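Structure at a glance
Here is how the chains run, residue by residue.
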Amino acid sequence: MKEHITIIGAGNLTMSILEAIKRSRAKFTINVVDIDKKKSSQLKKFGVKLNTTYDDKISKSKFILLIVKPKDYVQALKSIDPYVNSQTIILSFIAGISVNQIEKLLTADVNIVRCMTNLAISERQSYMFYFMNKGSKKVIDKINKFLLTFSVTKKCSEENHINKLTALYGSGPAYYIFFNSIIKKSFEQMGFNKKESDSYTHSLMLDSSELLGISDSQYLLKAIASKGGTTEAALSQLKKDKVDLSVRRAVQQAYKKSKKILSK
Ligand SMILES: NC(=O)c1ccc[n+]([C@@H]2O[C@H](COP(=O)([O-])OP(=O)(O)OC[C@H]3O[C@@H](n4cnc5c(N)ncnc54)[C@H](OP(=O)(O)O)[C@@H]3O)[C@@H](O)[C@H]2O)c1
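Residues numbered from 1 in each chain as written. Predicted model: local features only at pLDDT ≥ 70, side-chain atom pairs only at ≥ 80, totals over all residues.

1. Here we look at the overall build of the protein chain
Note the threshold: A run of H or I in DSSP becomes a helix once it reaches four residues, and a run of E becomes a strand once it reaches two; helices and strands are each numbered from the N terminus. Residues are called buried when their C-beta atom has 20 or more other C-beta atoms within 10 Å, exposed when it has 12 or fewer, and partly exposed otherwise; all C-beta atoms are positioned from the backbone.
What the protein chain contains, in helices and strands, is 11 helices and eight strands. Overall, the C-alpha framework of the protein chain stretches about 65 × 35 × 35 Å when taken along its three principal axes. Within the span of the protein chain, comprising 264 residues, buried residues form 27% of the whole.

2. Topic: the site of the ligand
Our working definition: Placing a C-beta atom from the backbone of each residue, we mark the residue near a molecule or strand if the atom is within 6 Å of it. All residues other than Ala, Val, Leu, Ile, Met, Phe, Trp, Tyr, Cys, Pro, Asp, Glu, Lys and Arg, Gly among them, are scored as polar; the first ten of these are nonpolar and the last four charged.
Surrounding the ligand, one finds 26 residues, the nearest of these being Gly9, Gly11, Leu13, Asp72 and Ala95. At the level of elements, helix H1 (12–24) and helix H3 (73–80) are the ones that each hand at least two residues to the shell around the ligand. For the shell around the ligand, the class distribution of residues is 13 nonpolar, eight polar and five charged.

3. What about the packing of helix H6 (residues 159–170) against helix H11 (residues 243–259)?
How we decide: To get an axis, a line is fitted to the C-alpha atoms, and for a helix only the part in contact is used. The angle between two axes follows their N-to-C directions and goes from 0 to 180 degrees. Roughly parallel means an angle under 35 degrees; roughly antiparallel means over 145; roughly perpendicular covers 65 to 115; every other angle is labelled oblique. When the near helix sits turned anticlockwise from the far one by under a right angle, the crossing is termed left-handed; a clockwise turn instead gives a right-handed crossing. Placing a C-beta atom from the backbone of each residue, one calls two residues in contact when those atoms lie within 7 Å.
Between H6 and H11, whose axes approach to 8 Å, the crossing angle comes to 135°. Judged by the inter-axis angle, H6 sits oblique to H11. Crossing angle aside, the handedness with which H6 passes H11 is right-handed. Residue-level inspection shows Asn163, Lys164, Thr166, Ala167 and Leu168 of H6 in contact with H11, the latter providing Val251, Ala254, Tyr255, Ser258 and Lys259. For the contact of H6 with H11, the residue count by class is five nonpolar, three polar and two charged.

4. Some thoughts on the environment of Ile5
Following the sequence through the fold, Ile5 ends up in strand S1 (residues 3–8). The sequence separation of Ile5 and Lys62 amounts to 57 residues, and the corresponding C-alpha distance is 6.0 Å. Setting aside residues no more than four positions away along its own chain, Ile5 makes contact with Phe28, Ile30, Ser61, Lys62, Phe63 and Leu65.

5. Overview of the pairing of strand S7 (residues 127–131)
Short version of the rule: When DSSP finds at least two bridges between two strands, those strands are taken to pair.
Most of S7 is tucked away, with four of its five residues classed as buried. Bridging between strand S6 (residues 111–116) and S7 involves three bridges; their strand directions are antiparallel. In the sheet register, Cys115 faces S7, and the bridge partner there is Tyr130. Across four bridges, S7 lies against strand S8 (residues 152–155) in parallel orientation.

6. Section: the domain arrangement of the protein chain
Using the following cut-off: All domain edges in this entry derive from an automatic or database-based domain assignment.
Segmenting the protein chain into domains produces domain 1 (3–156) and domain 2 (172–259). Centre-to-centre separation of domain 1 and domain 2, based on C-alpha positions: 34 Å. A breakdown of the residues in the side of domain 1 that touches domain 2 according to their chemical character gives three nonpolar, two polar and no charged.

7. Considerations on the nonpolar core
Filter applied, for reference: To form a nonpolar core, buried Ala, Val, Leu, Ile, Met, Phe, Trp, Tyr and Cys residues must be joined through C-beta atoms within 7 Å.
Ile8, Leu65 and Leu66 are the most contacted members of the largest nonpolar core, which totals 48 residues. Per-element tally for this core: the top contributor is H1, with five residues.

8. Digging into H6
Taken together, the buried positions of H6 are Ile162, Asn163, Leu165, Thr166, Ala167 and Gly170. Lining the buried residues of H6 we find S6, S7, helix H7 (172–189) and H11.

9. Things to note about unusual backbone geometry
A positive phi angle, close to 65°, is found at Arg25, a residue other than glycine. Position of Arg25 among the secondary structure elements: in the loop between H1 and strand S2 (28–33). Using a count of 8 C-beta atoms within 10 Å as the deciding quantity, one classes Arg25 as exposed.

10. So, the pairing of strand S5 (residues 89–92)
Quick note on the threshold: Convention used here: a crossover is right-handed provided that the path from the first strand, over the helix, to the second strand proceeds clockwise when the strands point away from the viewer.
Every second residue of S5 is oriented toward a common face, with Ile89 and Leu91 on one face and Ile90 and Ser92 on the other, all of them buried. As paired strands, strand S4 (residues 63–66) and S5 are joined by four bridges and run parallel to one another. Of the residues in S5, the one forming a bridge with Leu65 is Leu91. What joins S4 to S5 is H3, and the crossover it makes is right-handed. By the bridge criterion, four bridges tie S5 to S6 in an arrangement that is parallel. What sits directly across from Ile89, in S6, is Asn111.

11. Focus on the packing of H7 against helix H8 (residues 194–214)
A pair of packed helices is captured by two measures, namely the crossing angle of their axes and the spacing between those axes. Relative orientation of the contacting elements H7 and H8 amounts to 140°, with a least axis distance of 9 Å. Between H7 and H8, the angle is such that the two are oblique. Here H7 runs over H8; the crossing is right-handed. Along the contact surface, H7 presents Asn180, Ile183, Lys184, Phe187 and Glu188, while H8 presents Lys194, Glu196, Ser197, Asp198, Tyr200, Thr201, Leu204 and Met205. Looking at the contact of H7 with H8 residue by residue, the class counts come to five nonpolar, three polar and five charged.

In C-alpha cells form, the structure reads like this:
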C-alpha cells in the first residue's frame, strides 16, 4: 500500500518538493491542503488534488509536511490539531519556528521534526537537514527512509543548526541569484542589449557552477586570475571594498532573523 502524506501549504517550497518526489519516482498518496483554491492548477502536473478544507484524510497520513509562512503557523497548527496523534510525524519547514512553539499548540504528543532545504531541491537531490528533540530509533528510521527518497538527508544534533542552515542554505540560492543579477546589470552597462546580457549571464553562471562541481574554488581562482591580469584587478577591488565582509554581515542578519522570525 502506498504511504499517505499530507502537505499543508501549496506555495513555492511545496512545488519544489513535489518536483523532487516526482523525479524520485517514489509513490506516495499525497494530500495537499491550502486555503487558496487558485493553487490547484499548479498541482495538476503532479497528479495531486488540492483540498481547501482540513478533513479526515490528514489522520491517515504518516507524515504531515508543514510548509506555510511563519505568520500562518498558529492557524495551520490549530487546523491540524484534531487530526493528529502520537503516531503522526510533523515535518515543519517553517523558518524560525521552534519545536517547542509547535508542541505548545498541539494536544497530542506528536513527533515534531524541523527541516530545512531550499528551492533548488526541484532540480537535483539537494540536502535536507532535519532536527528532532526526542524520537525513538523506529521514528528516526521512518524519517530517514522518507526523506532519503528525494534528498541527501542529514540529521542535525542541535536545533540551532537549523537556524544557521536557514540563513545559509535555505536563503542561499537568493545570494547566488542576487550576484547573478549584478553581473547581468554589468553586461547591460557595458552596452550589451537585454537579450544578450540575459543569455551571456546565464551561460556564465551555469558553466561556472559546473566548474565548481569538478574543482576546488581556490584552485579555480588561481587558474583564472593570472598575475597582473584582468581578473586579478577585479578581485583586488572586491577585496578592497570588503565584499566578503558585506556578505558575512548579510548572512548574520539572516541568522538573527531566523532566531526571532516573528519580531518586526
Ligand atoms: N521559499 C523558499 O525558498 C524557502 C526555503 C526554505 C524554507 N522555506 C520555508 O517554507 C515555508 C513556506 O515558504 P513558501 O515560500 O513556500 O511560502 P508560500 O509560497 O507563501 O506558500 C505558503 C502557502 O500556504 C498557504 N497558507 C497560508 N495559511 C494556510 C493555512 N492555514 N492552511 C493551509 N495553507 C495556508 C498560503 O496561501 P496564501 O498565499 O493565500 O497565504 C500559500 O499558498 C516558510 O515558512 C519558509 O520559511 C521557504
